[in-house]
Amino acid sequence: MSKLKTSKFGLGLAAGAMALGLSTAGMASEHGNGFNGIGKNITDKAIEPWDISVFFDGENLPEGSGSVADGEQPYQAQCAMCHGDFGEGAEGYPKMAGDPMPQFVESLKQGLDGVGNRGVNNAWGHAPTLFDMIKRHMPFYAPGTMGVDESYAVTCYVLNLAGVVDMDFTCSDENLADVKMPSVDYFVTDTRPDTNNERCMSDCTDEEPEVVYSAVEGVSG
């Protein structure tokens with residue numbers, strides 16, 4: 001059962017695909033010569049660079065810290081060109097500071113624009129996943145190039161632009177999960193299973209398959 005808001009994956013899809021491929025080859029190597037001895041079991045060390053997902057409750061936050069003041073320079077240098085000097089958005093990229101939460105909710109109830117007035121303060125449920133987004137994907141032109149402390153600092157600066165934390169706040173692995181986002185009550189945990197179907201690998205049905213379409217190769221229509 002996942003605990004992510006809607007869904008939680010222990011690894012990203014790329015990591016899962018890599019792990020599946022390597023572990024499958026490893027099993028073939030161990031249990032036969034189907035792959036002529038190619039492949040081996042994936043190690044924890046090999047998975048580690050991919051196992052970087054930070055979850056809404058702060059799980060997997062790396063050790064480090066960065067203050068609002070520390071985040072000003074890297075934000076202005078690497079983020080403001082897209083998100084604006086004050087988080088107002090630029091060049092069509094998202095705002096960091098959207099409408100205050102009550103105003104945002106009221107606009108949605110009236111069917112008004114829910115995109116142009118959206119920001120970290122009204123449409124982001126948990127601070128740890130903001131760090132995850134920044135560390136993993138920012139800046140846009142060079143994703144993943146910011147260090148851990150720099151990512152904490154930029155996260156903190158963005159939270160300040162959005163009016164979530166004070167100017168003297170320092171974000172770290174110890175307190176980021178405790179930062180209460182204004183929209184947190186609008187996010188819920190999806191406790192439903194990924195599927196209700198039972199696994200079946202053979203003889204799954206007694207019925208003959210129904211042919212609903214047939215075609216002859218090389219003949220159209």
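Just above sits the structure.
All residue numbers refer to positions counted from 1 along the written sequence of the respective chain. A pLDDT threshold of at least 70 governs which residues receive local features in this predicted model, and a stricter bar of 80 or more applies before side-chain atom pairs are shown or counted, although totals over entire chains, interfaces and linings include all residues. To get the side-chain values, all heavy atoms of the structure are used, and hydrogens and water are removed first.

*Asks:* Explain the overall build of the protein to me, and be specific about the residues and the numbers.
*Replies:* A run of H or I in DSSP becomes a helix once it reaches four residues, and a run of E becomes a strand once it reaches two; helices and strands are each numbered from the N terminus. Tallying secondary structure elements over the protein gives 8 helices and 2 strands in all. Overall, the protein shows an N-to-C arrangement of helices and strands of α-α-β-α-α-α-α-α-α-β. Going through the 221 residues of the protein one by one, you find that 35% of them count as buried. Contact criterion: two residues are considered in contact whenever any of their non-hydrogen atoms come within 4.5 Å of each other. A separation of at least 24 residues holds for 59% of the contacts in the protein among residues at least 6 apart in sequence. Whether a residue is buried, partly exposed or exposed follows from its accessible area with a 1.4 Å probe, protein chains only, as a fraction of its type maximum: under 20%, in between, or over 50%, in that order.

*Asks:* Got a sec to walk through unusual backbone geometry? Specific residues and values, please.
*Replies:* The omega torsion across Met138 and Pro139 is -5°, close enough to zero to call that bond cis. When you line up the elements, Pro139 lands in the loop between α7 (127-137) and α8 (148-161). The phi dihedral of Asn60 falls on the positive side, at around 80°, and the residue is not glycine. In this fold, Asn60 is placed in the loop between α2 (44-47) and β1 (65-67). Residue classification places Asn60 among the partly exposed positions, given a relative accessible area of 35%.

*Asks:* A description of the state of the cysteines should follow, citing residues and the corresponding values.
*Replies:* What is meant by a disulfide is a covalent connection between two cysteines, made through their sulfur atoms. Two cysteine sulfur atoms make up a disulfide if the distance between them is within 2.5 Å. Summed over the entire model, instances satisfying the criterion amount to 2 disulfides. Cys156 shares a disulfide with Cys171; S-S distance 2.4 Å. What sets the handedness of the Cys156 and Cys171 disulfide is the S-S torsion sign, and at about 90° it is right-handed. In this pair, Cys156 is assigned in helix α8 and Cys171 in strand β2 (residues 170-172), connecting sequence segments 15 residues apart.

*Asks:* Which residues make up the nonpolar core, and what are the values?
*Replies:* By nonpolar core we mean a set of buried residues, namely Ala, Val, Leu, Ile, Met, Phe, Trp, Tyr and Cys, connected to one another through side-chain atoms within 4.5 Å. Ranked by size, the top nonpolar core spans 28 residues in total, and within it Tyr75, Val120, Leu159 and Leu176 carry the most contacts. Contributions of two or more residues to this core are made by α3 (68-78), α7 and α8. The leading source of residues in this core is α8, at 7 residues. Sequence-distant contacts of Val120, that is, excluding residues within four places in its chain, are made with Lys95, Met96, Leu130, Val158, Leu159, Ala162 and Met181.

*Asks:* Summarise the pattern of salt bridges; cite the residues concerned and give the values.
*Replies:* A pair is scored as a salt bridge if a Lys or Arg side-chain nitrogen falls within 4 Å of a carboxyl oxygen belonging to Asp or Glu. For the coordinates displayed, the defined rule picks out 2 salt bridges. Across the pair Asp132 and Arg136 runs a salt bridge whose closest N-O atoms are separated by 3.3 Å. One end of the pair, Asp132, and the other, Arg136, are both in helix α7, 4 residues apart, so they sit about a helical turn from each other. Ionic pairing is found between Arg192 and Asp190, a salt bridge with its closest N-O pair at 2.8 Å.

*Asks:* Which residues make up α3, and what values do they have?
*Replies:* Those residues of α3 that fall on the buried side of the exposure criterion are Val68, Gly71, Pro74, Tyr75 and Gln78. Here the buried residues of α3 occupy an arc of 120° about the axis, which is enough to place them on one side. Opposite its buried face, α3 presents the exposed residues Ala69 and Gln73, each directed more than 90 degrees away. Packing partners of the buried residues in α3 comprise β1, α4 (80-83) and α8. By construction, the arc corresponds to the directions joining the helix axis to the C-beta atoms.

*Asks:* Tell me about the packing of α3 against α8, residues and numbers included.
*Replies:* All axes here are fitted lines through C-alpha atoms, helices being fitted over the stretch that makes contact, and every angle between N-to-C directions spans 0 to 180 degrees. Two numbers describe how α3 lies on α8: the axes approach to 7 Å, and their chain directions differ by 90°. By the criterion of interaxial angle, the relationship of α3 to α8 is roughly perpendicular. For the pair α3 and α8, contact is made by Val68, Asp70, Gly71, Glu72, Pro74, Tyr75, Gln76 and Gln78 and by Glu150, Ala153, Val154, Cys156, Tyr157, Val158, Asn160 and Leu161, respectively. Each residue gets one label: Ala, Val, Leu, Ile, Met, Phe, Trp, Tyr, Cys and Pro are nonpolar, Asp, Glu, Lys and Arg are charged, and the others, such as Gly, are polar. Of the residues that constitute the contact of α3 with α8, the class distribution is 9 nonpolar, 4 polar and 3 charged. An angle counts as roughly parallel when it lies under 35 degrees, as roughly antiparallel when it exceeds 145, as roughly perpendicular when it falls between 65 and 115, and as oblique in every other case.

*Asks:* Summarise the environment of Arg118; cite the residues concerned and give the values.
*Replies:* Among the structural elements, Arg118 can be located in the loop between α5 (101-109) and α6 (120-123). Using a relative accessible area of 39% as the deciding quantity, one classes Arg118 as partly exposed.

*Asks:* Account for the packing of aromatic side chains, naming residues and giving values.
*Replies:* Only Phe, Tyr and Trp rings are paired, with Trp represented by its six-membered ring, and only when their centres lie within 6.5 Å; those with planes under 30 degrees apart are stacked, over 60 edge-to-face, the remainder tilted. One pass over the structure, following the stated rule, counts 3 aromatic pairs. Where Tyr75 meets Tyr157, the ring centres are 5.1 Å apart and the plane angle is 45°; that geometry is what we call tilted. Taken together, the residues Tyr75 in helix α3 and Tyr157 in helix α8 connect sequence positions 82 residues apart. According to the relative accessible area criterion, Tyr157 is buried, its value standing at 7%.

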